[in-house]
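# Structural description and commentary
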Amino acid sequence: MKMGYDFDTSAVHAGREDFLELGVHAAPLDLSSTYPIPDLEEGTASLEALAHGAADAPQKVYSRLNQPTVARFEGALAKLEGAEHAVAYASGMAALTAVLLALRVRHSEDARPHVLALRPIYGGSDHLLDHGLTGCEVEWVSAEEVSRKVRPETRLIIAETPANPTLKWLDLEQLVADAQGTPVMIDSTFATPVLQTPIAHGATLVMHSATKFLGGHGDVLAGIVATSNDEWAAALRHVRVITGACMHPMAAYLCLRSMPTLALRVRRATESATELAGFLMRQPAVSAVHYPKADHPLLGSQMLGRGSLISFELAGGYEAAAALMKAVQLCTPAVSLGSTDTLIQHPAGLTHHVVPEEERVAAGITAGMIRLSVGLESVDDLQRDLAQALAVAATTAPMGSQPEAASSSVVDQAAQS
Ligand SMILES: *Cc1c(COP(=O)(O)O)cnc(C)c1O
């Protein structure tokens, strides 16, 4: 494929560049765990190169070192992110772990590489960063504190935008400026390259839980990191060889198969989410709706759409939220996001349950908060389902909640930031 096509064309054709030459129309799926090594000398040299982070070698040797179906998906995602490289892992958490361990490969002189991390962030990422397991010294900061807290020896700044589950947007170019040369890693899972390409705004690394929109059908667990920095890419592959948190070729095949529909899926779900956010704002049982505003200053520059996730708070608090999850008939009550079907979940009780309670509250994750990942169903059917479930939930609201008063405090997160 020649360079210079629009995003939608690249999404359809990336990873298929050699199909004509191969005489195939679907990606070859290679499930080999090991590969023949007829030439020992070449095999040894290949192993040596691959084990230290080379992307390719004359012999593949072993599928933990080099996997052609996975490499095909990596090439496609790198192209969509405008990056030189991508390195895929068994899950989003394996990808984030590899980024942190890569710091120890790249800065082996540091006793504990210093990392700044911004809250709120995905609950699992929060848990990993807070745990100390990877041997990094993680300091939690707000976006406003970055320029003050960054030190000459800070190795990485980690942030997520749109943030989970508040859907707040960070100004990437501001963050990169505040980082003063320190590499920035963005978890762009919620945006996908359809809506946001962080490397174009100065980020060094962009990470995805490919389990979400990239896989897109709720049948793959995978993660990927893209970068244009050769040393970072080599360190990320090196860590993958050592730790073995490899993406399975079947997962790579499914993710690659989902790339041609990525833009269509994200845009359709975004349209429906915009409509549903408006509907939710009109509901007396809903006290707040967090959905980016149509006149958000970053819309059209950093973010090319408002996205398909909505968080909202129920005036009836935890009881109403639990009742809503039980009452939905079409939406799937489940964690995860970016699937073909609409998923509804309770951040404080599920995705962010591992985050310490006071941090959760500080991040705005309330007991009455619900997160909706809007899927590809008819928006009218989704609205009817939410309307009937909200009606059920309203009857379980605790005494003393005042829906009429609550409706006047409906917020639109962008209005606050
Ligand atoms: C799901 C998710 C992760 C973790 O990915 P897994 O594939 O579940 O390991 C990380 N970041 C964000 C924003 C996510 O939504």
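Presented here is a report on the structure given in the accompanying data block. (Residues numbered from 1 in each chain as written. Predicted model: local features only at pLDDT ≥ 70, side-chain atom pairs only at ≥ 80, totals over all residues. Heavy atoms only, no water.)

Our focus in this paragraph is the overall build of the protein chain. Helices and strands together make up the secondary structure of the protein chain, namely 17 helices and 12 strands. For a compact globule of 417 residues, the expected C-alpha radius of gyration is about 22 Å, and the protein chain comes in at 22 Å, within 12% of that figure. Judged by the C-alpha coordinates and their principal axes, the protein chain covers about 80 × 50 × 35 Å. Within the protein chain, the proportion of its 417 residues that are buried is 53%. Of the accessible surface of the protein chain, which amounts to about 17500 Å², a share of 54% is contributed by carbon and sulfur atoms. The distance from the centre of the 29 positive side-chain charges to the centre of the 46 negative ones in the protein chain is 2 Å. (Helix = DSSP H or I, 4+ residues; strand = E, 2+ residues; numbered from the N terminus. Rg over C-alpha atoms; globule rule 2.2 N^0.38 Å. Buried < 20%, exposed > 50% of the residue type's maximum accessible area, 1.4 Å probe, protein only. Areas by Shrake-Rupley, 256 points an atom, 1.4 Å probe, with all protein chains shown as cover. Lys, Arg positive; Asp, Glu negative; His and termini not counted. Charge placed at Lys NZ, Arg CZ, Asp CG, Glu CD.)

Side-chain pairing between opposite charges can occur once the charged atoms of the two side chains come close. In the structure shown here, the tally under the stated rule is 15 salt bridges. Between Arg72 and Asp18 there is a salt bridge, with the nearest N and O atoms lying 2.8 Å from each other. Here Asp18 lies in the loop between helix 1 (7-13) and helix 2 (19-22) and Arg72 lies in helix 4 (residues 68-81), a separation of 54 residues in the sequence. Between Lys149 and Glu139 there is a salt bridge; the shortest N-O distance is 3.6 Å. A residue pair is termed long-range when its members are at least 10 positions apart, and Lys149 in helix 7 (residues 146-149) and Glu139 in strand 3 (residues 137-141) qualify at 10 residues. One salt-bridge network, held together by shared partners, links Glu137, Glu139, Lys149, Arg151 and Glu153. (Salt bridge = Lys/Arg side-chain N within 4 Å of Asp/Glu carboxyl O.)

Turning next to helix 10 (residues 230-243). The end-to-end C-alpha distance of helix 10 is 20 Å, a good match for the 20 Å that 14 residues give at a rise of 1.5 Å each. Buried residues of helix 10: Trp232, Ala233, Ala235, Leu236, Arg237, His238, Val239, Arg240 and Val241, and no others. Between a side-chain oxygen at the N-terminus of helix 10 and the backbone nitrogen of Glu231 the separation is 2.9 Å; the capping residue is Asn229. (Expected span 1.5 Å × (residues − 1). Polar contact = N/O pair within 3.5 Å; in protein donor to acceptor, adjacent residues only side chain to side chain.)

The mixed open sheet is built from 7 strands, whose spatial order is 1-7-6-5-4-2-3. For this open sheet the edge positions go to strand 1 (85-89) and strand 3, each flanked by a neighbour on one side alone. Between one strand axis and the next, the sheet turns through 20 degrees on average, direction left out of account. In terms of strand pairing, strand 1 meets strand 7 (residues 223-227) through 5 bridges, oriented antiparallel. Residue pairing in the sheet places His85 in a bridge with Thr227 of strand 7. The strands touched by helix 5 (residues 92-106) within the sheet are strand 1, strand 2 (114-118), strand 4 (154-160), strand 5 (184-187), strand 6 (205-209) and strand 7, with strand 6 carrying the most contacts at an inclination of about 150 degrees. Its contacts with the sheet place helix 8 (residues 172-179) against strand 2, strand 4 and strand 5, and it is angled at close to 150 degrees to strand 5. (Pairing = 2+ DSSP bridges. Axes fitted to C-alpha atoms, helices over the stretch in contact; angles between N-to-C directions. Contact = heavy atoms within 4.5 Å.)

As a further point, take the site of the ligand. In the region of the ligand, 14 residues are neighbours, and Met93, Asp187, Ser209, Thr211 and Lys212 sit closest. Contact distances for the ligand include 2.7 Å between an oxygen atom and a side-chain N or O atom of Lys212. Look at the ligand: alone it shows 380 Å² of surface, and the protein chains cover 94% of it. For the shell around the ligand, the secondary-structure elements that each account for two or more residues are helix 5 and strand 6. Here the shell around the ligand is composed, by residue class, of 6 nonpolar, 5 polar and 3 charged. (Near = heavy atom within 4 Å. Nonpolar A, V, L, I, M, F, W, Y, C, P; charged D, E, K, R; others polar.)

This paragraph deals with the layout of surface pockets. Here the largest pocket is characterised by a volume of approximately 640 Å³. Along its surface, the largest pocket is lined by 24 residues, and Arg119, Ser142, Ala143, Glu144 and Leu170 are the ones closest to its centre. Sorting elements by how many residues they give to the lining of the largest pocket places helix 8 first, with 3 residues. A breakdown of the residues in the lining of the largest pocket according to their chemical character gives 12 nonpolar, 4 polar and 8 charged. Here the second largest pocket is characterised by a volume of approximately 530 Å³. What lines the second largest pocket is a set of 26 residues, among which Ala55, Asn66, Ala71, Arg72 and Glu74 lie closest to the centre. Only helix 4, strand 1 and helix 10 provide two or more residues apiece to the lining of the second largest pocket. (1 Å grid on protein atoms, 1.4 Å probe; cavity = no way out; pocket = protein on both sides within 12 Å on 5 of 7 lines; lining within 4 Å. Points joined across faces, edges and corners; volume = space filled by probe spheres on them.)

This next bit is on a nonpolar patch on the surface. Together, Leu29, Leu31 and Met250 make up an exposed nonpolar region whose accessible area comes to about 260 Å². Here Met250 lies in helix 11 (residues 249-258). (Patch = residues over 30% accessible without salt bridge, like charges linked within 9 Å, V, L, I, M, F, W, Y side chains within 5 Å.)

Another aspect to go through is empty space enclosed by the protein. Scanning all chains against the criterion turns up 3 cavities of 30 Å³ or more. The computed volume of the largest cavity comes to approximately 60 Å³. Around the largest cavity, the lining residues are Pro162, Leu167, Trp169, Phe190, Pro292, Met303, Arg306, Gly307, Ser308 and Leu309. In terms of residue class, the lining of the largest cavity is made up of 7 nonpolar, 2 polar and 1 charged.

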